[in-house]
Amino acid sequence: MPQKSLWVGTSWKMNKGPGAARDAAARIADMAVPDTITPFVIPPFTSLETVAARLENTAWHVGAQNMHWEEEGAWTGEISPRMVRECGADLIELGHSERREHFGETDITVNLKVRAAIRHGLRPLICIGDSAEEYEFNVTHETLARQTKMALHGLTTDEITTVLLAYEPVWAIGAKGRAAEPEFVDIAHKRLRHVLIELVGEEQARRVPLLYGGSVSLDNAARYTALSDVDGVFIGRSAWDPSGLEAIIRSVAS
Ligand SMILES: O=C(COP(=O)(O)O)[C@@H](O)CO
């Protein structure tokens, strides 16, 4: 059976200013990445242009962590899709649970941003995830289905096949999180695939990469990527140091 192709990448969240990002990008540029891996890195805004320039003409995709849906205007403190593009990014992370929880991001604003990203030629990496309470009350699937349908509302089938979806249980993210059991992720991703099948049909739904994120580490990454409906991993802390990212890439590629 041919080896499946995997997306593997990290968001640096609010870490690495321009100096640290320049050093990390130089190490990333030197990394040997197997052909079966599509690697990506998502620096903070202040480092975006530096990192994108350093990784230009490599296999790496570079993204921003958020953006506004409007092209320009009186939106103090916001960054437009065009600005993200001008920095050299091709990916845009949208709807991360930290933004939903602390910055008022909703399913509706995520949808506005997804549509704006596609208009501007940016590939959306849409984060969805159940809260600890939703998990406890056994409504994970309902939450993931709602977040997915609302994020993709109004998109054509072709547009839907350009997005990446990352299932990131809120209870799995960060130092206080606990990594989801692969068996649980397997079921969640299979049900998520069915949501996509209902939207765009089997063939197109299989073209949408489904990533898992939340306490991914060198110890567990390959257990997720071995699952048939997991097409990659989205890593935080364990990949902030490029050597950690490289080790995980090697572990899932072998
Ligand atoms: O939040 C994420 C996972 O963070 P961990 O530190 O790996 O728990 C994911 O979006 C990558 O940033």
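Just so you know, the residues in each chain are numbered from 1, in the order the chain's sequence is written. Reporting in this predicted model follows two pLDDT cut-offs: at least 70 for local features of residues, and 80 or more for side-chain atom pairs to be given and counted; totals over whole chains, interfaces and linings ignore these cut-offs and use all residues. As a convention, hydrogens and water are excluded, and side-chain values are obtained from all of the structure's heavy atoms.

The criterion, for reference: UniProt positions are given in the numbering used here, feature names are shortened, and annotations may be inferred rather than shown by experiment.
With an unreviewed UniProt entry as reference, the protein chain is termed Triosephosphate isomerase, source organism Asaia bogorensis NBRC 16594. Quoted verbatim from the Subunit (unreviewed entry) field of UniProt, the annotation for the protein chain is "Homodimer."

### As for the pattern of salt bridges
Test applied: Just to be clear on terms, a salt bridge is a Lys or Arg side-chain nitrogen sitting within 4 Å of an Asp or Glu carboxyl oxygen. To sort residues, take the accessible area from a 1.4 Å probe on protein chains only and compare it with the maximum for the residue type: under 20% means buried, over 50% means exposed, and anything in between is partly exposed.
Using the criterion set out here, one finds 14 salt bridges in the structure. Here K113 makes a salt bridge to E105, at a shortest N to O gap of 3.1 Å. Assigned by exposure class, K113 and E105 land together as buried.

### Here we look at the site of the ligand
Here is the rule: If even one non-hydrogen atom of a residue comes within 4 Å of a molecule or strand, that residue is called near it. In protein, a polar contact requires one atom able to donate a hydrogen and another able to accept it; more generally it is a pair of N or O atoms within 3.5 Å, and residues adjacent in sequence count only if both atoms are side-chain atoms. Areas reported as accessible are Shrake-Rupley estimates using a 1.4 Å probe. Residue values count occlusion only from the protein chains shown. Each residue is assigned to one of three groups, with Ala, Val, Leu, Ile, Met, Phe, Trp, Tyr, Cys and Pro labelled nonpolar, Asp, Glu, Lys and Arg labelled charged, and all others, Gly among them, labelled polar.
Near the ligand you find 13 residues, and of these K13, H96, E168, G174 and R237 are the closest. One of the side-chain N or O atoms of K13 is found 2.6 Å from an oxygen atom in the ligand. A distance of 2.8 Å is found between an oxygen atom of the ligand and a backbone nitrogen or oxygen belonging to G174. Its free accessible area being 340 Å², the ligand has 99% of it covered by the protein chains. Classifying every residue of the shell around the ligand by side-chain character gives four nonpolar, six polar and three charged.

### Regarding the side chain of T109
Heads up, the rule is: Numbered from the N terminus, helices here are DSSP runs of H or I no shorter than four residues, and strands are runs of E no shorter than two.
Looking at the element boundaries, T109 is found in helix α5 (residues 107-119). Within polar-contact distance, the side chain of T109 engages the backbone nitrogen of T106 at 2.9 Å.

### Overview of the pairing of strand β2 (residues 37-42)
Formally: Two strands pair if DSSP finds at least two bridges between them. A clockwise course of the path from the first strand over the helix to the second, judged with the strands pointing away from the viewer, identifies a crossover as right-handed.
With respect to burial, β2 is a largely interior element, six of its six residues being buried. Burial along β2 is two-sided: I37, P39 and V41 and T38, F40 and I42, pointing in opposite directions, are all buried. Of the strand pairs in this sheet, strand β1 (residues 6-11) and β2 are connected by six bridges, and their pairing is parallel. Note on β2: the bridge partner recorded for G9 is F40. With respect to chirality, the unit in which β1 leads through helix α1 (residues 18-29) into the neighbouring parallel β2 is right-handed. The pairing of β2 with strand β3 (residues 61-64) spans two bridges and is classified as parallel. Across the sheet, the residue bridging to V41 is V62, located in β3. Between the parallel elements β2 and β3, the chain passes through helix α2 (residues 45-54) in a crossover that is right-handed.

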